[in-house]
Amino acid sequence: MLELFSEAVDKNKNWLPKDGTVHYYGKLLTLAQANHYLQVLLSTIEWKNDEAVIYGKKLVTKRKVAWYGDKPFAYTYSGVTKLALPWTAELLELKMMVEKASGETYNSCLLNLYHTGEEGMAWHSDGETDLKKNGAIGSFSFGAERKFAFKHKQTQEKVELKLEHGSLLVMKDVTQTHWLHRLPPAKQVRTARVNLTFRTIMQPL
Ligand SMILES: O=C(O)CCC(=O)C(=O)O
Ligand SMILES: [Fe+2]
């Protein structure tokens, strides 16, 4: 269909050349809505400094994190286990938007707060054992626009895209098996970014 006015975001495009599926849906929200949610998230989420065990040492990162879900799921991330908090009203609204846009469901959300461009996230994949294998991950971004990058684990091929204020990115299928992703530091960025990754945690029977 010919779209005369909206910016051309091809929601059906797979950004990965092979071994996985990444869709970028662009902005799901107006600027006013995205600004509203950014303010609500900054003020209502229980942000905590992230702890990670790297080479057996417990490190505290500048980036802040939070973990919410349908139940107090235990989630082990970078060697540290956290229990999910119950959804806030706005997180439930955002979860429903991501579910509708992506055609997938989620039962939990990991949130990251990057205060400035000096904070980022190193190369990793989200293949933790308690995550549903090949489950979709819906990544909703607010605040400072930042670059996001993928790197193929075998060939080192790279794919980069920009994540806009109020936009949705979805990673699914075998993406986490074959690709790493990261949020590179961006020295020129002086404002905060909040990212929500909606996920499916396996429920013990
Ligand atoms: O901040 C982002 O866009 C990505 C965060 C991420 O990769 C993660 O939380 O696993
Ligand atoms: Fe990730």
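Residues numbered from 1 in each chain as written. Chains lettered and ligands numbered in written order. Predicted model: local features only at pLDDT ≥ 70, side-chain atom pairs only at ≥ 80, totals over all residues.

J.: Looking at this structure, how should I read the overall build of the chain?
T.: Counting its regular elements, the chain contains 3 helices and 14 strands. On C-alpha atoms alone, the chain measures out to a radius of gyration of 16 Å, which is about the 17 Å that the 2.2 N^0.38 rule sets for 205 residues. With respect to the principal axes defined by its C-alpha atoms, the chain has extents near 55 × 45 × 40 Å. Taken over 205 residues, the chain has a buried fraction of 31%. For the chain, the proportion of contacts with a sequence separation of at least 24, taken over those separated by at least 6, is 74%. (Helix = DSSP H or I, 4+ residues; strand = E, 2+ residues; numbered from the N terminus. Rg over C-alpha atoms; globule rule 2.2 N^0.38 Å. Buried ≥ 20, exposed ≤ 12 C-beta atoms within 10 Å, placed from the backbone. Contact = placed C-beta atoms within 7 Å.)

J.: Teacher, can you tell me more about the UniProt feature "domain: Fe2OG dioxygenase" (unreviewed entry) in the chain here?
T.: Mapped onto the present numbering, the UniProt feature "domain: Fe2OG dioxygenase" (unreviewed entry) falls on residues 105–202. Secondary structure content for residues 105–202 is 4% helix and 50% strand, and the end C-alpha separation is 13 Å. (UniProt positions renumbered as here; feature names shortened; annotations may be inferred.)

J.: Even after reading the chapter, I still don't get the site of ligand 1, so can you show me in this structure?
T.: The environment of ligand 1 is formed by L110, N112, M121, D126, S139, F148, L163, H181, L183, N195 and T197. Those elements giving two or more residues to the shell around ligand 1 turn out to be β7 (108–114), β13 (179–183) and β14 (193–199). Looking at the shell around ligand 1 residue by residue, the classes come out as 5 nonpolar, 5 polar and 1 charged. (Near = placed C-beta within 6 Å. Nonpolar A, V, L, I, M, F, W, Y, C, P; charged D, E, K, R; others polar.)

J.: Explain the environment of G79 here, please?
T.: With respect to the helices, strands and loops of the structure, G79 is situated in the loop between β4 (74–77) and β5 (80–83). On the neighbour-count criterion, G79 (11 C-beta atoms within 10 Å) is exposed. Apart from the residues lying within four places of it in its own chain, the contact partners of G79 are A52 and V53.

J.: Just checking my understanding: could you explain helix α2 (residues 89–102) for this structure?
T.: An α-helical turn contains 3.6 residues, so any two residues separated by three or four positions project in the same direction. With 14 residues, α2 should reach 20 Å at 1.5 Å per residue; the first-to-last C-alpha distance of 20 Å fits that figure. The set of residues buried in α2 consists of L91, L94, K95, V98 and S102. For α2, the buried positions fall inside an angular range of 105 degrees around the axis, keeping them on one side. In α2, the exposed residues that point more than 90 degrees away from the buried face are A89, E93, M96 and K100. If you follow the buried residues of α2, they end up packed against α1 (31–44), β3 (57–69), β7, β9 (137–143), β12 (167–172) and β14. Count one or two residues on from α2 and you reach G103, which has phi positive near 70 degrees. (Expected span 1.5 Å × (residues − 1). Arc of directions from axis to C-beta.)

J.: Would you mind showing me how to read the pairing of β14 here?
T.: In the case of a regular strand, side chains alternate between the two sheet surfaces. Of all 7 residues in β14, 6 are buried; the element is thus mostly enclosed. As judged from the 7 bridges shared by β7 and β14, these two strands associate in the antiparallel manner. Within β14, the residue paired with L111 across the bridge is L196. Sheet topology places β9 next to β14; 6 bridges connect them, and they run antiparallel. Among the inter-strand pairings, G138 is bridged to a residue of β14, identified as F198. (Pairing = 2+ DSSP bridges.)

J.: Where do I start with unusual backbone geometry in this structure?
T.: A negative phi angle is the norm for most residues apart from glycine, just as the trans form is the norm for most peptide bonds. Notably, D19 is not glycine yet its phi reads approximately 60 degrees, a positive angle. Assignment of secondary structure puts D19 in the segment before β1 (21–27). What makes D19 partly exposed here is the crowd of 16 C-beta atoms within 10 Å.

J.: Would you explain the nonpolar core in this entry?
T.: C109, L111 and L169 are the most contacted members of the largest nonpolar core, which has 38 residues in total. Counting residues per element, this core draws most heavily on β7, at 5 residues. Those residues in contact with L111, other than ones at most four positions away along the chain, are I45, V65, A66, V194 and L196. (Core = buried A, V, L, I, M, F, W, Y, C linked by C-beta atoms within 7 Å.)

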